[in-house]
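# Observations on the three-dimensional arrangement
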Amino acid sequence: MVASTALPWAAHAQETTPADALTAPAAPTVTAPAASVPLVNDMESPFAFHGQTTYIWQRKPAFSAPYSGENSLTPDRAKSYSFTATFDLGLRLWKGAEFHLNPEVAQGVPFSDLHGMGGLSNGELAKTASTTPKVYRARAFIRQYWGLGGGDETLESDFNQFARTVDKQRLVLTAGNFGVIDVFDQNPYGSDPRTQFMNWSFMTHGSWDYPADSRGYNWGAALEYVGDGWSARVGHFLQPIESNGRELDTRLFEHYGQMLELEKRYTIAERPGQARLLLWRNKARMGAFNDAIAFGQANGVTPDVADVRREHSKWGVGLAFLQEVADDAGVFLRANWSDDKTETYAFTEIGRQVSAGGTMKGAKWGRPKDEVGLAVAVNMLGSGHRNYLAAGGLGAFLGDGALRYGPEQIVEIYYSVAVWKTLTLSPDFQYVRNPGYNRDRGPAKFIGIRAHAEF
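Residues numbered from 1 in each chain as written. Predicted model: local features only at pLDDT ≥ 70, side-chain atom pairs only at ≥ 80, totals over all residues. Heavy atoms only, no water.

## Some thoughts on the overall build of the protein chain
Counting its secondary structure elements, the protein chain contains 3 helices and 19 strands. Out of the 455 residues in the protein chain, the part that is buried amounts to 58%. Working note: accessible area of the protein chain is about 16,900 Å², and carbon and sulfur atoms make up 59% of it. (Helix = DSSP H or I, 4+ residues; strand = E, 2+ residues; numbered from the N terminus. Buried < 20%, exposed > 50% of the residue type's maximum accessible area, 1.4 Å probe, protein only. Areas by Shrake-Rupley, 256 points an atom, 1.4 Å probe, with all protein chains shown as cover.)

## With respect to the confidence of the model for the protein chain
For the protein chain, per-residue confidence averages 90 on the pLDDT scale, and 90% of positions sit at 70 or higher. In the predicted structure, residues 23-42 sits below a pLDDT of 50 and forms 94 contacts with residues beyond four places in sequence or in another chain. (pLDDT = per-residue confidence, 0-100. Contact = heavy atoms within 4.5 Å.)

## Considering empty space enclosed by the protein
Estimates place the volume of the second largest cavity at around 80 Å³. Considering the residues around the second largest cavity, the lining is formed by 13 residues, among which Phe111, Leu114, Leu120, Ser121 and Asn122 are closest to the centre. Looking at the lining of the second largest cavity, its residues break down into 8 nonpolar, 5 polar and no charged. (1 Å grid on protein atoms, 1.4 Å probe; cavity = no way out; pocket = protein on both sides within 12 Å on 5 of 7 lines; lining within 4 Å. Points joined across faces, edges and corners; volume = space filled by probe spheres on them. Nonpolar A, V, L, I, M, F, W, Y, C, P; charged D, E, K, R; others polar.)

## Notes on the layout of surface pockets
In this structure, the second largest pocket occupies an estimated 460 Å³ of space. If you trace the second largest pocket, you find 25 residues lining it, with His115, Ser243, Gly395, Ala396 and Phe397 closest to the centre. The residue makeup of the lining of the second largest pocket, split by class, is 12 nonpolar, 6 polar and 7 charged.

## Focus on a nonpolar patch on the surface
A contiguous nonpolar patch, built from Leu374, Val376, Val411, Ile413, Phe429, Tyr431 and Ile447 and spanning about 550 Å² of accessible area, is present on the exposed surface. Of all the elements in the fold, those that place two or more residues in the nonpolar patch are β16 (367-380), β17 (408-420) and β18 (423-433). Looking at where Val411 falls in the secondary structure, it is placed in strand β17. On the basis of relative accessibility, which here comes to 34%, the residue Val411 falls in the partly exposed class. (Patch = residues over 30% accessible without salt bridge, like charges linked within 9 Å, V, L, I, M, F, W, Y side chains within 5 Å. Salt bridge = Lys/Arg side-chain N within 4 Å of Asp/Glu carboxyl O.)

## Some points on the pattern of salt bridges
The full count for this structure, using the stated rule, is 24 salt bridges. For the salt bridge of Arg271 with Asp327, the shortest nitrogen-to-oxygen distance reads 2.6 Å. On the criterion of sequence distance, the pair formed by Arg271 in strand β12 (residues 271-287) and Asp327 in the loop between β13 (309-326) and β14 (329-338) is long-range, its members being 56 residues apart. According to the relative accessible area criterion, Arg271 is partly exposed, its value standing at 24%. Taking the shortest distance from any N to any O, the salt bridge between Arg310 and Asp291 comes out at 3.2 Å. With Arg310 in strand β13 and Asp291 in helix α2 (residues 289-299), the pair connects residues that are 19 residues apart, well separated along the chain. Under the relative-accessibility criterion, Asp291 is labelled partly exposed at 28%. Bridged by salt links that share partners, the residues Glu224, Arg233, Glu261, Glu263, Arg265 and Arg276 form one connected network.

## A short note on α2
Turning to α2, its buried residues number three or more, namely Phe289, Ala292, Ile293 and Gly296. Buried residues of α2 fall within an arc of 100° about the axis and therefore sit on the same side. Opposite the buried face of α2, at more than 90 degrees from it, the exposed residues are Asn290 and Ala298. Tucked into the core, α2 has its buried residues touching β12 and α3 (383-390). Directly beyond the C-terminal end of α2, a positive phi value near 65° is found at Gly300. (Arc of directions from axis to C-beta.)

## Details of the side chain of Glu263
Its place among the elements puts Glu263 in strand β11 (residues 256-268). On the accessibility criterion, Glu263 (2% relative accessible area) is buried. Within the structure, the side chain of Glu263 is placed 2.9 Å from the side chain of Arg233, a separation counted as a polar contact. Residues within four places of Glu263 in sequence aside, it is in contact with Gly229, Trp230, Ser231, Arg233, Gln274, Ala275 and Arg276. (Polar contact = N/O pair within 3.5 Å; in protein donor to acceptor, adjacent residues only side chain to side chain.)

## Looking at the environment of Ser426
Among the secondary structure elements, Ser426 is positioned in strand β18. Considering only alpha carbons, one finds Ser426 and Tyr414, 12 residues apart in sequence, at a separation of 6.3 Å. When near neighbours in sequence (up to four residues on either side) are disregarded, Ser426 contacts Met198, Tyr415, Ser416, Gly448, Ile449 and Arg450.

In structure tokens form, the structure reads like this:
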């Protein structure tokens with residue numbers, strides 16, 4: 001799935017410093033995963049037009065694996081690529097309101113049909129990846145601002161955001177077709193696979209099975225209150241009709257995903273930071289791992305969550321900390337947990353996670369537009385999920401036929417070279433120990449290069 005980016009998956013302006021990103025009360029701005037230089041940026045213009053394109057190529061050397069299953073990452077040498085292009089067509093409406101439409105085209109070839117790991121290597125690749133370019137509507141939403149006083153704040157023109165002056169204290173409603181992580185768990189130091197870390201483990205809380213179609217987008221609404229030093233966001237969104245499917249279930253109050261995020265802004269040693277608490281709950285027709293195991297034992301078959309689907313709720317919690325540590329550098333820490341009793345429905349197969357990382361601009365070595373990033377993640381599964389895979393069960397992404405469990409450990413490093421104002425090239429390296437949570441396989445390594453252009 002792509003998040004805001006994917007696809008799935010949010011964007012961060014390259015001209016914005018980490019300090020700016022943390023000190024300004026962040027409105028729930030739906031952003032494509034790339035900053036851009038607007039063709040129309042006048043505060044009074046009724047139109048806006050931005051665009052981005054991203055190409056990612058990766059190579060995986062062969063690794064050791066005594067066995068492989070239907071959903072394993074291939075141990076053979078392999079290559080993968082993805083290409084996306086997105087446009088933002090913006091229109092000012094009535095006072096405080098704007099509309100954005102994002103046509104998007106995507107194509108690509110994933111490793112092993114996007115199977116074999118919890119933290120997949122390329123956040124730009126959706127489950128519907130194809131060698132044929134696919135054109136579709138990524139976003140079509142309205143955003144409305146209501147001022148509540150507290151002085152003025154200027155919002156810069158950006159992808160899916162008009163330049164405008166707003167009250168520092170305000171309500172912001174975003175409604176329509178967009179990505180959940182366009183609004184929630186925004187991280188200027190590492191959640192954008194188009195410009196920062198590519199691995200799915202860093203796009204958002206790994207265990208958050210956030211509601212989305214297989215491209216990472218959804219229909220729903222998010223309401224944010226921006227206050228004096230703190231913010232609160234709440235959202236209600238559709239679920240796919242089936243696990244990781246393209247079609248969404250329009251029964252909005254029967255099957256849905258809900259989330260609440262609380263944010264506190266503060267300073268440490270005169271450097272801005274944020275602490276966030278995210279709570280989420282999904283309701284859908286899902287298969288529980290323990291039910292599938294019991295059914296398989298009773299009927300002498302391999303456990304399959306498809307045999308035991310019924311109404312379930314899945315819930316979880318995440319903590320995130322963002323901290324500026326220098327004028328051109330910042331770090332993040334995420335710790336998250338889900339009950340992990342039921343099949344993955346919309347994101348990836350991570351039950352619990354701790355991740356951390358940071359980015360730094362290149363001013364110290366005379367390249368102020370360059371950026372280097374380093375991040376690590378430890379992905380884990382709940383006991384029922386482990387037992388299901390060990391018994392030969394298949395998940396949305398995992399299934400080696402057997403499992404000698406071990407936490408999946410990921411390290412990623414990239415260096416982004418500013419070729420000119422609108423183009424960057426980013427060599428990237430990822431090291432994955434226990435891919436698919438299996439001590440019998442790996443380690444896997446991924447070597448890649450990303451070209452990203454914006455206007």
